[in-house]
Amino acid sequence: QVQLVESGGGLVQAGGSLKLSCAASGRTFRSYAMGWFRQAPGKDREFVAAIKQSGSTYYADSVKGRFTISRDNTNNTVYLQMNSQKPEDTAVYYCAATRTVVVGRPPVYEYWGQGTQVTVSS
């Protein structure tokens, strides 16, 4: 079982940057694909970014060129560097993990963190 704890959220002005961290428990972090999702008030949860076990990354169109997902397998941590922040980025950000990834299909994430609030002011 994997436990995920997000941190790094907060208040930032438009154009600023924040870096989120997701600390994972367990001995098999390297075997999990990791993802970041977000949910704004009144909206559905949406995909933000993902990183496979191999290190391959994927991004939602809305964050391409601004956000970067990375992982540190030694410290069981996944990061989301968010630059050029926009008010539209305001949401609760969730970290997720899954062991199974099938090529050509979106993964079904088995484990989720509690989320961290990101607020971008204009």
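Parameters and conventions
- Residues numbered from 1 in each chain as written.
- Predicted model: local features only at pLDDT ≥ 70, side-chain atom pairs only at ≥ 80, totals over all residues.
- Heavy atoms only, no water.
- Core = buried A, V, L, I, M, F, W, Y, C linked by side-chain atoms within 4.5 Å.
- Buried < 20%, exposed > 50% of the residue type's maximum accessible area, 1.4 Å probe, protein only.
- Helix = DSSP H or I, 4+ residues; strand = E, 2+ residues; numbered from the N terminus.
- Contact = heavy atoms within 4.5 Å.
- 1 Å grid on protein atoms, 1.4 Å probe; cavity = no way out; pocket = protein on both sides within 12 Å on 5 of 7 lines; lining within 4 Å.
- Points joined across faces, edges and corners; volume = space filled by probe spheres on them.
- Pairing = 2+ DSSP bridges.
- Disulfide = S-S within 2.5 Å.

## Section: the nonpolar core
Residues Leu4, Met34, Trp36, Leu80 and Tyr93 are the most contacted members of the largest nonpolar core, which totals 28 residues. Every element with two or more residues in this core is listed here: β3 (18-24), β4 (33-39), β5 (46-51), β7 (67-72), β8 (77-82), β9 (91-98) and β11 (116-121). Apart from residues lying up to four places away in sequence, Leu4 is in contact with Cys22, Ala23, Ala24, Met34, Cys95, Ala96, Ala97, Tyr111, Trp112, Gly113 and Gln114.

## Quick notes on the layout of surface pockets
Estimated volume of the largest pocket: approximately 270 Å³. Lining the largest pocket are 15 residues, and of these Tyr58, Val101, Arg105, Pro106 and Pro107 sit closest to its centre. Sorting the residues of the lining of the largest pocket by element identifies β4 and β5 as the ones contributing at least two each. Of the residues forming the lining of the largest pocket, the biggest block, three residues, is contributed by β5.

## Thoughts on the pairing of β4
In terms of residue burial, β4 counts as a mostly covered element, since six of its seven residues are buried. Where β4 and β9 come together, seven bridges link them in antiparallel fashion. Directly across from Met34, in β9, lies its bridge partner Ala97. Bridge count between β4 and β5: five bridges; the pairing is antiparallel. Residue Arg38 lies in a different strand from β5, and its bridge partner there is Glu46.

## Some remarks on the state of the cysteines
Within this structure, the stated rule accounts for one disulfide. Two residues share a disulfide in this structure: Cys22 and Cys95, whose sulfurs sit 2.1 Å from each other. Its S-S torsion of approximately -85° makes the covalent link between Cys22 and Cys95 left-handed. One end of the pair, Cys22, is in strand β3; the other, Cys95, is in strand β9, and 73 residues separate them in sequence. Both residues of the pair, Cys22 and Cys95, count as buried.

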